[in-house]
Amino acid sequence: QVQLVESGGGLVQPGGSLRLSCVASGFTFSRYFMRWYRQAPGKERELVAHISSAGDGTNYPDSVKGRFTISRDNAKNTVSLQMNSLKPEDTAVYYCNTKGLWNDYWGQGTQVTVSS
């Protein structure tokens, strides 16, 4: 059974940092690209980071580029998102994601709130 479990969210002040982690199980992690998405209230789910299966290619939208860094450890079946210089507009539920042969897989999400 494919499982993605996020952790690391919380409340942080503007300008602060958080590191999110996602632990994967139930599939050969090293064969799949991984993504982080976020969804703020009333908004569509938004891709915030992508990393290739080997970890040698990444992509970010302009909204987070230079502030967020995605990484993975294939030996530990984990993908992380380091978030620096956080802004109130980064407030959202953050989800770990990958695409399988027949399905997209999602974690349960972890709440990130950026507020003073």
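Residues numbered from 1 in each chain as written. Predicted model: local features only at pLDDT ≥ 70, side-chain atom pairs only at ≥ 80, totals over all residues. Heavy atoms only, no water.

A. Structural view of the overall build of the protein. Along the protein, the regular secondary structure elements total zero helices and eleven strands. Ordered by position in the sequence, the α and β elements of the protein form the string β-β-β-β-β-β-β-β-β-β-β. For 116 residues, the compact-globule estimate of 2.2 N^0.38 gives 13 Å, and the protein sits close to it at 13 Å. If you line up the protein on its principal axes, its C-alpha atoms span 40 × 25 × 20 Å. Within the span of the protein, comprising 116 residues, buried residues form 39% of the whole. (Helix = DSSP H or I, 4+ residues; strand = E, 2+ residues; numbered from the N terminus. Rg over C-alpha atoms; globule rule 2.2 N^0.38 Å. Buried < 20%, exposed > 50% of the residue type's maximum accessible area, 1.4 Å probe, protein only.)

B. Main features of the nonpolar core. Met 34, Trp 36, Ile 70, Val 79, Leu 81, Met 83 and Tyr 94 are the most contacted members of the largest nonpolar core, which has 27 residues in total. Listed by contribution, the elements that provide at least two residues to this core are β3 (18-25), β4 (34-39), β5 (46-51), β7 (68-73), β8 (78-83), β9 (92-99) and β11 (110-114). Counting residues per element, this core draws most heavily on β3, at four residues. (Core = buried A, V, L, I, M, F, W, Y, C linked by side-chain atoms within 4.5 Å.)

C. Focus on the state of the cysteines. Applying the stated criterion to the full structure yields one disulfide. Disulfide pairing places Cys 22 opposite Cys 96 at an S-S distance of 2.1 Å. Disulfide Cys 22 to Cys 96: torsion about the S-S bond roughly -80°, handedness left-handed. Taken together, the positions of Cys 22 in strand β3 and Cys 96 in strand β9 put the pair 74 residues apart, joining distant regions of the chain. Note on Cys 22: relative accessible area 0%, which makes it buried. (Disulfide = S-S within 2.5 Å.)

D. A look at the pairing of β3. On β3, burial follows the alternation: Leu 18, Leu 20, Cys 22 and Ala 24 on one face are buried, whereas Arg 19, Ser 21, Val 23 and Ser 25 on the facing-out side are not. By the bridge criterion, five bridges tie strand β1 (residues 3-7) to β3 in an arrangement that is antiparallel. Its bridge partner lying in β3, Glu 6 is registered against Cys 22. Pairing analysis gives six bridges linking β3 to β8, with the strands arranged antiparallel. In the strand pairing of β8, Arg 19 is matched with Gln 82. (Pairing = 2+ DSSP bridges.)

E. Up close: the sheet that holds β8. One open sheet accounts for four strands, arranged β1-β3-β8-β7; its pairing is antiparallel. The strands lining the two open edges of the sheet, one partner per strand, are β1 and β7. The average angle at which neighbouring strand axes cross in this sheet is 15°, direction not considered. (Axes fitted to C-alpha atoms, helices over the stretch in contact; angles between N-to-C directions.)

F. Expanded view of the side chain of His 50. Mapping His 50 onto the fold places it in strand β5. A polar contact of 2.9 Å, which involves the side chain of His 50, links it to the side chain of Arg 35. Apart from the residues within four sequence positions on either side, His 50 is in contact with Phe 33, Met 34, Arg 35, Gly 57, Thr 58, Asn 59 and Ile 70. (Polar contact = N/O pair within 3.5 Å; in protein donor to acceptor, adjacent residues only side chain to side chain. Contact = heavy atoms within 4.5 Å.)

G. Main features of the pattern of salt bridges. Taken as a whole and judged by the stated rule, the model has five salt bridges. For Arg 38, the salt bridge identified is with Asp 90, shortest N-O distance 2.9 Å. One end of the pair, Arg 38, is in strand β4; the other, Asp 90, is in the loop between β8 and β9, and 52 residues separate them in sequence. Grouping residues by exposure puts Arg 38 and Asp 90 together as buried. With a closest N to O distance of 2.7 Å, Asp 90 and Arg 67 form a salt bridge. Taken together, the residues Asp 90 in the loop between β8 and β9 and Arg 67 in the loop between β6 (58-59) and β7 connect sequence positions 23 residues apart. Judged by its relative accessible area of 10%, Arg 67 falls in the buried class. (Salt bridge = Lys/Arg side-chain N within 4 Å of Asp/Glu carboxyl O.)

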